[in-house]
Amino acid sequence: MSLATRNGTGPVDAPVAPPRVVRQRRMRPGLLGLAVLLIALGGLGAAFAVTSVRATGSYLAVARPVEVGRTIGADDLVAVQVAGGQGLAPVPVGRRDDVVGKRAKVSLVPGTLLTMDQLTDEPLLGPGQQQLSLGLEPSQVPARKLHPGDKVLLVSTPGGNDDRPVVGVTRFEATVIDTTTNEDDDEVVVYVTLPVRDVPAVAALEAQERLAVALTEVA
């Protein structure tokens with residue numbers, strides 16, 4: 001580019017302005033790492049959702065109430081579809097023949113998934129034993145929930161209007177089969193097995209509300 005001077009000495013070359021360079025923004029390493037992490041987490045989430053949907057299977061559920069000790073029949077079972085099921089151990093439909101004929105170790109509630117831990121091949125009553133249900137107040141049983149197989153001690157208590165010193169406390173060893181709670185009055189029903197010779201005395205004490213339950217061994 002040429003410009004004329006004032007004194008007429010002729011044109012001279014004027015300096016040319018350098019072109020303007022647009023600087024590119026550089027992404028910070030931290031932001032780049034965060035973006036990669038978010039993309040990875042999104043992919044894992046999608047994979048987990050697909051896996052959960054694909055993990056649907058057919059399992060056995062309880063179709064009608066089954067009492068403790070009763071033999072399970074085919075009509076007591078129903079097949080259900082369950083998606084996911086992580087952390088559960090339901091019985092697959094293909095093992096129906098392994099379930100029919102077993103006894104219920106606990107009360108089976110309709111609509112719940114069946115597990116092998118709820119079943120047994122062993123008779124719940126041994127030789128010389130009988131099953132007895134005890135309707136007790138919450139204060140007469142241990143604070144923790146009793147479970148099948150727990151060993152308990154049934155202890156006689158004095159009558160409510162008896163101010164005499166306690167003499168000759170009677171104790172009976174028993175094994176818990178199952179427990180339920182009556183929602184209407186909070187009564188706790190404990191199903192136990194004990195020797196036949198102890199059944200009349202324990203039943204009489206329970207009817208007089210003179211029975212307490214002590215937990216001696218956890219199953």
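For clarity, every value in this text was computed on a predicted model and none was experimentally measured.

### Focus on the layout of surface pockets
Phase 1 of the analysis: If you add up the space inside the largest pocket, you get close to 180 Å³.
Phase 2 of the analysis: Considering every element that reaches the lining of the largest pocket, the biggest residue donor is strand 9 (residues 171–181), with three residues.
Phase 3 of the analysis: Each residue belonging to the lining of the largest pocket can be placed in one class, and the counts come to five nonpolar, four polar and two charged.

### Regarding the pairing of strand 8 (residues 151–156)
Looking along a regular strand, one sees the side chains alternate between the two faces of the sheet.
Phase 1 of the analysis: Of all six residues making up strand 8, five are buried, and the element is well covered by its neighbours.
Phase 2 of the analysis: Two strands pair when backbone bridges link them, and strand 8 and strand 9 are joined in this way by five bridges, in the antiparallel orientation. Across the sheet, Val 152 pairs through a bridge with Ala 174, a residue of strand 9.
Phase 3 of the analysis: With six bridges joining them, strand 8 and strand 11 (residues 211–217) adopt antiparallel strand pairing. By the bridge assignment, Lys 151 is partnered in strand 11 with Glu 217.

### Quick look at the sheet that holds strand 11
Phase 1 of the analysis: Here we have five strands laid out as an open sheet, ordered 7-10-9-8-11, and antiparallel in their pairing. Two strands close off the open sheet at either side, each with one partner strand: strand 7 (129–136) and strand 11. Direction aside, neighbouring strands of the sheet carry axes that sit 40° apart on average.
Phase 2 of the analysis: Bridging between strand 7 and strand 10 (residues 188–195) involves eight bridges; their strand directions are antiparallel. For Ser 133, the partnering residue across the bridge sits in strand 10 and is Tyr 191.

### Some points on the confidence of the model for the chain
Phase 1 of the analysis: The pLDDT averaged across the chain works out to 77; a share of 69% of its residues lies at or above 70.
Phase 2 of the analysis: Taken as a whole, residues 47–54 scores under 50 in pLDDT and shows three contacts with residues more than four places along the chain or in a different chain.

### A few points about the nonpolar core
The tendency in soluble globular proteins is for nonpolar side chains to be buried as a group.
Phase 1 of the analysis: Counting residues in each nonpolar core, the largest one holds 19 residues, and the members touching the most others are Leu 134, Leu 154, Val 190, Val 192, Leu 194 and Val 202.
Phase 2 of the analysis: Where this core is concerned, the elements lending two or more residues are strand 7, strand 8, strand 9, strand 10, helix 3 (199–207) and strand 11.
Phase 3 of the analysis: Per element, the largest residue contribution to this core is four residues, and it comes from strand 10.
Phase 4 of the analysis: Those residues in contact with Val 202 that lie beyond four places of it in its chain are Leu 132, Leu 134, Leu 154, Phe 172, Leu 194 and Leu 211.
Phase 5 of the analysis: Leu 77, Ala 104, Leu 114 and Leu 119 belong to the second largest nonpolar core, which has 12 residues in total.

Rules of the game
Residues numbered from 1 in each chain as written. Predicted model: local features only at pLDDT ≥ 70, side-chain atom pairs only at ≥ 80, totals over all residues. Heavy atoms only, no water. 1 Å grid on protein atoms, 1.4 Å probe; cavity = no way out; pocket = protein on both sides within 12 Å on 5 of 7 lines; lining within 4 Å. Points joined across faces, edges and corners; volume = space filled by probe spheres on them. Helix = DSSP H or I, 4+ residues; strand = E, 2+ residues; numbered from the N terminus. Nonpolar A, V, L, I, M, F, W, Y, C, P; charged D, E, K, R; others polar. Buried < 20%, exposed > 50% of the residue type's maximum accessible area, 1.4 Å probe, protein only. Pairing = 2+ DSSP bridges. Axes fitted to C-alpha atoms, helices over the stretch in contact; angles between N-to-C directions. pLDDT = per-residue confidence, 0-100. Contact = heavy atoms within 4.5 Å. Core = buried A, V, L, I, M, F, W, Y, C linked by side-chain atoms within 4.5 Å.

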